[in-house]
Amino acid sequence: MASTPQPGTGPTEEFRFPGNRLGLPEDGPGSVAGWVRRVLALFLDWLIAGLVASAITSKPMWAGGNDYNTAQLVTFFVMTAILAGLAGSTIGHRVCGLRVIPVRGGVGYTTQPGLLAGVIRTFLICLVIPAVVFDRDYRGLHDRAAGTVVVRR
């Protein structure tokens, strides 16, 4: 006797792959970015902010200290908010082949998220917890609050 598939045993049309509900493709440019690229991009942005903070405070990165740490966080915030909001990607995103797009646009949408979305998104990334809590579409709370999604270039 052959078995017949029961309703509700496979992926639903609502969720077949990350980004499906947002109208994004499964693979290639415009698809939702994976975690490895995103973490690498974040690391590169944090490193660049550290180098700038080192130049501002005239301390080497490994020396640390409250003034250096504050300078690094402020540099990261300003750099990421402006670049992600107005240019659609940070330096780390560019190197890793990623971009930030507003959810309202879909695949071919080229308008940038905007400075307010960049500020909201970056503020929540700096708090850390919202960035590590995410949904099925790999959108962290920071992306959901800003109405953005990180996709491949």
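Residues numbered from 1 in each chain as written. Predicted model: local features only at pLDDT ≥ 70, side-chain atom pairs only at ≥ 80, totals over all residues. Heavy atoms only, no water.

Burial within strand 1 (residues 98–102) is extensive, with five of its five residues counted as buried. Residues of strand 1 alternate between two faces, with Leu98, Val100 and Pro102 on one and Arg99 and Ile101 on the opposite face, all of them buried. For strand 1 and strand 2 (residues 148–152), the ladder comprises five bridges, and the chain directions are antiparallel. Residue pairing in the sheet places Pro102 in a bridge with Thr148 of strand 2. (Buried < 20%, exposed > 50% of the residue type's maximum accessible area, 1.4 Å probe, protein only. Helix = DSSP H or I, 4+ residues; strand = E, 2+ residues; numbered from the N terminus. Pairing = 2+ DSSP bridges.)

With that settled, consider helix 4 (residues 115–126). Note: α-helices contain 3.6 residues per turn, so residues at a spacing of three or four share the same orientation. The end-to-end C-alpha distance of helix 4 is 16 Å, a good match for the 16 Å that 12 residues give at a rise of 1.5 Å each. Burial in helix 4 covers these residues: Ala117, Gly118, Arg121, Thr122, Leu124 and Ile125. One side of helix 4 holds all its buried residues, which, seen down the axis, span an arc of 165°. At the C-terminal side of helix 4, Val128 shows a positive phi close to 70°. (Expected span 1.5 Å × (residues − 1). Arc of directions from axis to C-beta.)

A separate point is the pattern of salt bridges. All told, the structure shown has five salt bridges when counted by the stated rule. Note that Arg121 is salt-bridged to Asp143, the shortest N-O span being 2.7 Å. Here Arg121, found in helix 4, pairs with Asp143, found in helix 6 (residues 141–146); they are 22 residues apart in sequence, far enough to count as distant. A salt bridge links Asp135 to Arg144; the shortest N-O distance between them is 2.7 Å. Judged by its relative accessible area of 46%, Arg144 falls in the partly exposed class. Each of the salt bridges in this network shares a partner with another, and the network as a whole consists of Arg38, Arg121 and Asp143. (Salt bridge = Lys/Arg side-chain N within 4 Å of Asp/Glu carboxyl O.)

Following the criterion strictly, the structure yields four aromatic pairs and no others. Relative to Tyr138, the ring of Trp35 has its centre 5.9 Å away and its plane inclined at 55°; by these criteria the two rings are tilted. Here Trp35, found in helix 1 (residues 35–57), pairs with Tyr138, found in the loop between helix 5 (129–132) and helix 6; they are 103 residues apart in sequence, far enough to count as distant. Trp35 gets classed as partly exposed once you look at its relative accessible area, which sits at 30%. Seen in terms of ring centroids, Phe134 and Tyr138 are 6.5 Å apart; in terms of plane orientation they differ by 75°. Their pairing is edge-to-face. Exposure remark for Phe134: the relative accessible area of 44% places this residue in the partly exposed category. Judged by relative accessible area, Tyr138 falls into the partly exposed class, the value being 28%. (Phe/Tyr/Trp six-rings, centres within 6.5 Å; stacked < 30°, edge-to-face > 60°.)

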